[in-house]
Amino acid sequence: MHFPRRYFVLLPLTATLSLLTVSCSESKVSQCNKIIKVANQAVTEAKSITKGGQASDSKAMLKAADAMEKASKDMEAIKVNDQKLQDYQTRFVTMYRDTSKATRDFVAAFQKKDRSAAEAALTNLQKATTPEKQLVEGINVYCTDKKSP
């Protein structure tokens, strides 16, 4: 069993978060920068490990799962007092943890040659990464909105 390219959903986390420094409160800007920095590091590391989504061996996938787990811990460690940013932070943490777990489940199923478990893990992996685009767009809008506190 090989990893077909269409199944390697692990990281469409390639969308790069952008932040324009605008006249917002310094606290919000600082909090945005911290969240975006962790998110960008997660994307960069995952792309590097998986060679832009081309690597499909189990070792690379497990390293990518480790990177997502690390990103969840790094994201969770950020002190955020802005309620809206807390929501984004929580959603990123959940996405990274779910991605890591689904990836590990897929590798385990693949190694056992358990096709149904591998398919279930791939479905979970797709579900885990689905919120990424909306999260990226949402935090970019929120962090560059001059009207937000």
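Thresholds applied
- Residues numbered from 1 in each chain as written.
- Predicted model: local features only at pLDDT ≥ 70, side-chain atom pairs only at ≥ 80, totals over all residues.
- Heavy atoms only, no water.
- Helix = DSSP H or I, 4+ residues; strand = E, 2+ residues; numbered from the N terminus.
- Buried < 20%, exposed > 50% of the residue type's maximum accessible area, 1.4 Å probe, protein only.
- Contact = heavy atoms within 4.5 Å.
- Areas by Shrake-Rupley, 256 points an atom, 1.4 Å probe, with all protein chains shown as cover.
- Core = buried A, V, L, I, M, F, W, Y, C linked by side-chain atoms within 4.5 Å.
- Salt bridge = Lys/Arg side-chain N within 4 Å of Asp/Glu carboxyl O.
- pLDDT = per-residue confidence, 0-100.
- Expected span 1.5 Å × (residues − 1).
- Polar contact = N/O pair within 3.5 Å; in protein donor to acceptor, adjacent residues only side chain to side chain.

## A look at the overall build of the chain
Scanning the chain from N- to C-terminus turns up 5 helices and 0 strands. In sequence order, the chain lays out its α and β elements as α-α-α-α-α. Going through the 149 residues of the chain one by one, you find that 45% of them count as buried. Pairs at least 24 apart in sequence give 78% of the contacts found in the chain among residues at least 6 apart. Entry remark: accessible area of the chain is about 8,300 Å², with carbon and sulfur atoms responsible for 51%.

## Regarding the nonpolar core
Of all hydrophobic cores here, the largest spans 22 residues; its most connected members are Ile 35, Met 75, Leu 85, Phe 92, Tyr 96 and Ile 139. The set of elements that each furnish at least two residues to this core consists of α1 (26–49), α2 (58–76), α3 (83–112) and α5 (132–144). With 7 residues, α1 is the single largest residue contributor to this core. With near-sequence residues (within four places) excluded, Ile 35 lies in contact with Met 75, Ile 78, Val 80, Leu 85, Gln 89, Phe 92 and Ile 139. Within the second largest apolar cluster, 9 residues are counted, among which are Ala 102, Phe 106, Ala 121 and Leu 125.

## Overview of the pattern of salt bridges
Summed over all chains, the structure comprises 6 salt bridges. Here Asp 87 and Arg 91 are joined by a salt bridge, their closest N and O atoms 3.3 Å apart. In this pair, Asp 87 and Arg 91 both sit in helix α3, 4 residues apart, roughly one turn of the helix. Given a relative accessible area of 36%, Asp 87 falls into the partly exposed group. Judged by relative accessible area, which is 30%, Arg 91 ranks as partly exposed. Two residues, Asp 105 and Lys 101, come together in a salt bridge whose shortest N-O distance is 2.8 Å. Here the residue Asp 105 and the residue Lys 101 both occupy positions in helix α3, the gap between them amounting to 4 residues, near one helical turn.

## Thoughts on the confidence of the model for the chain
Summarising the model, the chain shows a mean pLDDT of 82, and 77% of its residues fall at 70 or more. The spread of mean pLDDT over the elements of the chain runs between α1, the lowest at 88, and α3, the highest at 95. Ignoring residues within four places in sequence, the model shows residues 1–26, a span with pLDDT below 50, making 70 contacts including any to other chains.

## Some points on the side chain of Ser 72
With respect to the element layout, Ser 72 can be found in helix α2. Beyond its immediate stretch of four places on either side in the chain, Ser 72 contacts Val 93, Tyr 96 and Arg 97.

## Some points on α2
In this model α2 runs 27 Å from its N-terminal to its C-terminal C-alpha over 19 residues, within 8% of the 27 Å that 1.5 Å per residue would give. Those residues of α2 that fall on the buried side of the exposure criterion are Ser 58, Ala 60, Met 61, Ala 64, Ala 65, Ala 67, Met 68, Ala 71, Ser 72 and Met 75. Two to three positions downstream of the cap, the backbone nitrogen of Lys 59 sits 3.2 Å from a side-chain oxygen, assigning the N-cap of α2 to Asp 57.

## Topic: α5
Its 13 residues give α5 an end-to-end C-alpha distance of 18 Å, which sits within 8% of 18 Å, the value for a rise of 1.5 Å per residue. Among the residues of α5, those classed as buried are Glu 132, Leu 135, Val 136, Gly 138, Ile 139, Asn 140, Tyr 142 and Cys 143.

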